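# Geometric and topological summary
Residues per chain, in single letters:
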Amino acid sequence: MTGMIKKPQGSDVQPMAYLEINNVTKRFGDFVALDDVSLTVNEGEFVCFLGPSGCGKTTLLRAIAGLDFQSEGRLVHNKKDISHLPPVQRDFGIVFQSYALFPNLTVAQNISYGLSVREMGRDKVEARVRELLETVGLQDSYNKYPTALSGGQQQRIALARALANKPGLLLLDEPLSALDAKVRIKLRHEMKELQRNLGITTIMVTHDQEEALSLADRIVVMNHGIIEQIGSPLEIYRNPASAYVADFIGDMNFLDAEVLTDNQITIGNYTLDVDQQVKHLPKGEKVTVCIRPEDVMVRNVTADTANVLDVEVLDVEFLGSFYRAILSCHGMGGDMEISANFSINLMRDHALSLGDHIKIALPKKRSRVFSGDKQAR
Amino acid sequence: MKLSNCIKVLMGATFMLGCAQMAEAKTKLTVYTAIEPEELHGFKQAFEKENSDIDLQWVRDSTGIITAKLLAEKDNTKADIVWGVAATSLLMLKDINMLEAYSPKGVDSLNKKFLDKDATPSWVGQRAWVASLCYNIYEAKKHNLPQPTSWADLLDPVYKGHLVMPNPASSGTGFLDVSSWMQIMGEDKAWEFMDGLHENIGVYTHSGSKPCKMAAKGEFPIGISFAYKGAQLKSKGAPIEVIAPKEGLGWDVEAFGIIKSSENKEAAKRFADWSVTKEANVIYNKGYAVVALDGVAQPVKNYPEEAMGLMIDNDFLWAAANRTRILKEWETRYGTKSEAK
Amino acid sequence: MNTATTTTYHNHRSTFRQRLSHLGKEDIIMLIALIGISLSMLVAIIFPLFGMFSKSFQNNSGDWVGLGNFIEYFSSPGLVGSISNSIWVSLLTTVITGLAAFVYAYALTRSCMPGKKIFRALSSIPILAPSLLPAISLVYLLGNQGLIREILMGESVYGPIGIVIGMCFYIFPHILMIMITALSTSDARLYEAAEVLGAGPVRIFFTVTLPGARYGLISAAFVAFTLAITDFGIPKVIGGNFNVLATDIYKQVVGQQNFSIGAVVGMILLIPALVSFAVDRHVRKKQTAQMSARSEPYRPKPHKLRDGLLFAFCTMVALFLLTIIGTAAFSSLVKFWPYEMSLTLQHYDFNANDPNGWAPFFNSLTLSAVTAVVGTLMIFFGAYFVEKTKQFALIRSLVQVMAMVPMAVPGMVLGLAYVFFFNAPGNPLNGIYGTMVILGLSTIAHFYTVSHLTLTTALKQIDGEFEAVSASLKAPFYKTVARVHFPICLPAISDVAIYLFVNSMTTVSAVVFLYAPDTKLASISVLNMDDVGDQAPAAAMAMMIVMTSIAVKTLHVFITKGINARTSAWKNASR
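What counts and how
Residues numbered from 1 in each chain as written. Chains lettered and ligands numbered in written order. Predicted model: local features only at pLDDT ≥ 70, side-chain atom pairs only at ≥ 80, totals over all residues. Heavy atoms only, no water. Helix = DSSP H or I, 4+ residues; strand = E, 2+ residues; numbered from the N terminus. Rg over C-alpha atoms; globule rule 2.2 N^0.38 Å. Buried < 20%, exposed > 50% of the residue type's maximum accessible area, 1.4 Å probe, protein only. Contact = heavy atoms within 4.5 Å. Areas by Shrake-Rupley, 256 points an atom, 1.4 Å probe, with all protein chains shown as cover. Buried area = accessible area lost by both parts, 1.4 Å probe. Salt bridge = Lys/Arg side-chain N within 4 Å of Asp/Glu carboxyl O. Polar contact = N/O pair within 3.5 Å; in protein donor to acceptor, adjacent residues only side chain to side chain. Phe/Tyr/Trp six-rings, centres within 6.5 Å; stacked < 30°, edge-to-face > 60°. Lys NZ or Arg CZ within 6 Å of the ring centre and 35° of its normal. Axes fitted to C-alpha atoms, helices over the stretch in contact; angles between N-to-C directions. Parallel < 35°, antiparallel > 145°, perpendicular 65-115°, else oblique. Left-handed = near helix turned anticlockwise from the far one by under 90°. Nonpolar A, V, L, I, M, F, W, Y, C, P; charged D, E, K, R; others polar. Core = buried A, V, L, I, M, F, W, Y, C linked by side-chain atoms within 4.5 Å. Pairing = 2+ DSSP bridges. Domains from an automatic or database assignment.

In terms of regular secondary structure, chain B is built from 14 helices and 11 strands. A compact globule built from 341 residues would reach a C-alpha radius of gyration of about 20 Å, and chain B, at 23 Å, matches this within 12%. Taken across its 341 residues, chain B has 60% of its residues classed as buried. For chain B, contacts bridging at least 24 residues in sequence account for 74% of all contacts bridging at least 6. About 14,300 Å² of surface is accessible on chain B, with carbon and sulfur atoms providing 55% of the total.

Between chain C and chain B, the residue contacts involve 40 residues of the former and 42 residues of the latter. Of the roughly 3,300 Å² buried at the junction of chain C and chain B (both faces included), carbon and sulfur atoms supply 50%. By the criterion of area lost to chain B, the three top residues of chain C are C:N241, C:Y339 and C:P355, representing 20% of everything that side buries. Counting across the chain C and chain B interface gives three salt bridges. The partner of C:D530 in a salt bridge is B:K210, and the shortest N-O contact between them spans 3.6 Å. Counting across the interface, chain C meets chain B through 16 residue pairs in polar contact (both at pLDDT 80 or more). Contributing elements (two or more residues each) for the side of chain C that touches chain B: helix 4 (77-110), helix 6 (132-142), helix 11 (245-255) and helix 21 (522-531) of chain C.

Looking at the element boundaries, A:K279 is found in the loop between strand 13 (270-273) and strand 14 (286-291). A C-alpha to C-alpha distance of 44 Å links A:K279 and A:E193, two positions 86 residues apart in sequence.

Further remarks concern the packing of aromatic side chains. In this structure the tally under the stated criterion is 58 aromatic pairs over all chains. With 6.2 Å between their ring centres and 35° between their planes, C:F102 and C:Y106 make a pair best called tilted. One end of the pair, C:F102, and the other, C:Y106, are both in helix 4, four residues apart, so they sit about a helical turn from each other. Take C:F102 and C:Y106: they sit in the same class, and that class is buried. Members of the aromatic cluster, joined through ring pairs, are B:F43, B:F47, B:W58, B:W83, B:F271, B:W274 and B:Y284. In this structure, A:R161 is placed above the aromatic ring of A:F102, and the distance from its NZ or CZ to the ring centre is 4.9 Å. Of note, B:R323 hangs over the ring of B:F175, and the distance from its end group to the ring centre comes to 5.5 Å.

Residue and element names in this part refer to chain C. Put simply, helix 2 (residues 25-55) and helix 14 (residues 359-388) touch, their axes get as near as 10 Å, and they point 120° apart. On the basis of their axis angle, the class for helix 2 and helix 14 is oblique. In this structure, the crossing between helix 2 and helix 14 has a hand that is left-handed. Contact residues: M30, A33, L34 and I37 in helix 2; F381, G382 and F385 in helix 14. Among the residues forming the contact of helix 2 with helix 14, the class breakdown is six nonpolar, one polar and no charged.

In this section: the nonpolar core. Of all hydrophobic cores here, the largest spans 216 residues; its most connected members are A:F49, A:I64 and C:F513. Filtering out sequence-adjacent residues up to four positions away, A:F49 remains in contact with A:L39, A:K57, A:L60, A:L61, A:I64, A:I203, A:M204, A:V205, A:T206, A:V220 and A:M222. Among the nonpolar cores identified, the runner-up in size contains 104 residues, and B:I66, B:V107, B:L176 and B:A267 belong to it.

A few words now on the pairing of strand 3 (residues 46-50) of chain A. Residue and element names in this part refer to chain A. With respect to burial, strand 3 is a largely interior element, five of its five residues being buried. In strand 3, alternate side chains face the same way, and those of F46, C48 and L50 on one face and V47 and F49 on the other are all buried. Of the strand pairs in this sheet, strand 3 and strand 8 (residues 201-206) are connected by five bridges, and their pairing is parallel. Residue F49 lies in a different strand from strand 8, and its bridge partner there is V205.

Let's shift gears to the packing of helix 18 (residues 448-460) of chain C against helix 20 (residues 477-506) of chain C. Residues and elements named next belong to chain C. The interhelical angle for the contact between helix 18 and helix 20, taken along N-to-C directions, is 165°, at an axis separation of 9 Å. Here helix 18 is positioned roughly antiparallel relative to helix 20, judged by the angle of their axes. Considering how the two elements wind past one another, helix 18 and helix 20 form a crossing that is right-handed. Contacts from V450, S451, T454, L455, A458 and L459 in helix 18 reach H485, C489, A492, I493, V496, Y499 and L500 in helix 20. Looking at the contact of helix 18 with helix 20 residue by residue, the classes come out as 10 nonpolar, three polar and no charged.

Residue and element names in this part refer to chain B. Here chain B is described as being made up of domain 1 (2-128 + 252-291) and domain 2 (129-251 + 306-340). Summarising the inter-unit geometry, the C-alpha centres of domain 1 and domain 2 are found 29 Å apart. At the interface, 23 residues of domain 1 touch 25 residues of domain 2. Buried surface at the junction of domain 1 and domain 2, summed over both partners, amounts to about 1,900 Å²; 66% is from carbon and sulfur atoms.

Here we come to helix 17 (residues 436-446) of chain C. Because each turn of an α-helix spans 3.6 residues, side chains separated by three or four positions in sequence point in the same direction. All names here are of chain C. In terms of burial, helix 17 is largely enclosed, as eight of its 11 residues are buried. Listing the buried residues of helix 17 in full gives I438, L439, G440, S442, T443, I444, A445 and H446. The elements touched by buried residues of helix 17 are helix 2, helix 14, helix 16 (411-422), helix 18 and helix 20. The backbone nitrogen of V437 lies 3.2 Å from a side-chain oxygen of the residue at the head of helix 17, namely T435.

It is worth spelling out the interface of chain A and chain C at this point. Contacts between the two partners involve 29 residues from chain A and, on the opposite side, 28 residues from chain C. Buried surface at the junction of chain A and chain C, summed over both partners, amounts to about 2,700 Å²; 60% is from carbon and sulfur atoms. Taken together, the links from chain A to chain C amount to one salt bridge. Across the pair A:R62 and C:E465 runs a salt bridge, and its minimum N-O distance is 3.4 Å. At the boundary of chain A and chain C, one finds eight residue pairs in polar contact (both at pLDDT 80 or more). At three residues, the largest contribution of residues to the side of chain A that touches chain C is made by strand 6 (residues 92-95) of chain A. When its residues are assigned to classes, the side of chain A that touches chain C shows 16 nonpolar, nine polar and four charged.

Set out below in structure tokens:
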């Protein structure tokens, strides 16, 4: 797992393992929330833990923070073994979904909560608070109470507070989930920029794939307490390591198939070429073919094109910038359905309507094959 | 500057603590008593004036309760001295060896009737209190209740619901009533009498003085109580007569005895010494006509004159020996009056 | 086999040790605090109850007699009669108070009658008084020299009549609160739906109002029954020769020093309390499930006839409450009832009426103040550690369970249990017997549950991540407790402090077995003075308690206003 290291952006030096998570397991009674998880986070990197609720992402974050101790395994932060340190002795700032701002303290008191007046002096504390407020763009809120701020503003204050101590690690637990869609997108950009400017190593937990794709340098996809895949957003999207990842990130067609040769599979009456992906599988093995709707070829499909299918247009749904078509392929056995994106142009040019029969192709470069049928996913 | 302030505060605190400790240095003498609460303050003041190093701590309740408490606590009792409690009860305590024999200075001048017969007495009497009826003239007129002159009169159905008497299980007065009726009438007749009396009783009270207080307020026109309380209330202006029924009056001696297990025996003895002095007897006489030191007693205002002559020849030993049995029988017969209805 | 066991044993131990060695400074503070809290709760609640439990199977000398005491108790007809007396009197009280409180609560929540605030305030009068007070008042009102004795038509107030009326006064505010809660959690939409479907007011009442409030009503009924069957002050003063369980236990223990039978009665008194506790818990769960976040509160519309009738009813109830308290006040000032009705303050000269004089009153003040401060802090920290710590789940749930126990233990039973436990010769805590400490401990224990629940609820509303945030900011948890949790919970904390203060002033039941001459309390003094027939001074002392409670409550109103003024800055700050 540790092999998949990506250089932090804009740095030429060899990436350094800043946070090492080694074989961490967490049990709650009989339930295994984290099963032997290992992972390395590099200095300055923005890593997202992505997965549905209950996948263990928050548990892992809380183990890193020391809020819940792992049952087994080691955590090394900046070359220091922090496996059993209480949170107070670890070096992180944290932002929660609820922001957890102290309601009875002003914005300034919230931000300066962890700053020691005795060590720093009153002036320096105040200067630091003002500096942080400026960073998050809320200079006017110094003496306000959190309830006087909007959700997005509260989120920024929580971020400023988490950064006040200049922690080595910034932990974000679903920080944007409580906000409306527009504010969320705006804050997403601001956060990314802030993180890039400060160069602070950041780990964010989210269930929102879009958020993860847009923010992270690397995404850790988790499921049932294990890591399914670690990779850059593009890798994860283009080359999902498992049917689970394929399903979780973006839209995906899943087609039941059987292995025919080293680079061919059959779906019903059709024989499709695939890359070398099934080389290691025995003939007749049940597999699942995955292809994203936007990768289904619908234009310029001729008889010569590889992997052509005859389909009927069952339903077309207008989604703004394109149409999503549900296509039925009778030759595939059963009533297998495939989703495909039709551009506005295509619809206009071909004047497609329900019940039309058309040809599509499944490009082999865009198809991913996973062993097991889709029920087993 | 700040430090010196701290020191000042500390010194002040130490000083106050010291004062508190000096106050604490008084010996606390725990006195179990059944004497009427309003009298206790006077005794405490008089005694502590001369014995400022002793702090009397009253545990006051009705005779029955004080007795039961002592019998249950036995050697664990917190009491140092039992004081102003019926002699019948002290006899029971002597029987189970809880009392320390001691002759207070000046005990020889007391009337021998008031003393434990042993050479060194285990208990010493202070004064006698005598049963009486408190009869509310005003209410009696309203309800057409004739003035009773004897115990037997009280069985008249005209009094139904107008009588009140103390529960002998808790009240010393209540017990001396019951034991005197038994000594006057014989036990079987006495139970018969009480069966009848029970029909007329409105409520049984916890304390011996309450029936008279209730009579004085007219809550129940006739209260079976004791003479001193009646005399006192009448003197205060209550519309009552204090009646001494002609068959004879039960009485008991209020007495004291030092508890064997006490850790404050020196103080207890000094209190015992004081309790036989003339000064103490003068205070006893404020309410009670008969006190242990001869020649002290002055007539008490509104005290029924004939009472003295009607006092029965009380057999304390018999009363003490039969107390538990009588109370048990009484409880079975009348303890749950409402059940009979 | 053998080796395997040893290995696992070693493993367990090493992980435990490991865990111990990995505890931070703060964890150790928390652990010590939690252990301290659970130990004090064991000592203050569980051990004494166990002591009483085992005493009920021993004779007075401490020998094991099995069920002997129970057989003795159940074979004496007088004592068993008390059970049926207690039950029917409590049932009658429950029905009367239940109906009255329901209508009163209905008027406060579902009508537009005028003066709701005043009625609400008046309804809490009885809470400020010891339960002895209504009984004393009733003697003056309905006794043989009572002001309005004619309304009893010759029946005696001494007995069930007096007990039931006194109980109604004493219990009313307690179940009114439950009823108000039950009636104010109804969903307005249900009413709209019923109206749209053409249901008339009677049908709506029986199909919507009653079913909606039924859990609250059940809960209120059980609470009323338990309070009635376990109260001791009222039957003691006005019960006459009518024996009930609560006076039995007092007679057996104080009167006859028969501790074994006392323990048996204590065990019997635990039964209704335990049943009602279980029902209440069960019902509470249903009640919360019934109310969804989307429910809309019901807002009554004016209705002349209904509002008028309800107003008349509430006025009657309020007059009853005022009459009781007013009679006590009046009788404490009358020179010699009923013959000399001129007014005097002489009954307030307690030095002349009670061997302990004014001392009991000041003892009560001290006890109440200390209980309010120490008790509130103890309960707050108990609630905090239960609610906000993440580790030591076992100890936390132990504390949580123990905190619920006092709810089911009547005061008299708790007091008696304390006698058994703390007065046992071998008990190292024997020293606190007969001191103010045991009175404070019993009072805090007696009123623990309600206080604990109030503070737990307040703490629950505080974001659970504050501890994590403050840890990440390197601030120790106690700093956050002091700067954040405590200020936020201040309204609830002051409520609990007042609750403890007033209850310490008025309670008789637990402390009646525990006081010593120099720690006698005002409420006990009322009891003693009434016992010897000094009813006017008893009323005077009871009024001293009432006036103190009122003063403290008034102070509380101002303090609450102050707190609200300070907190409104951050509570309702507009954007």
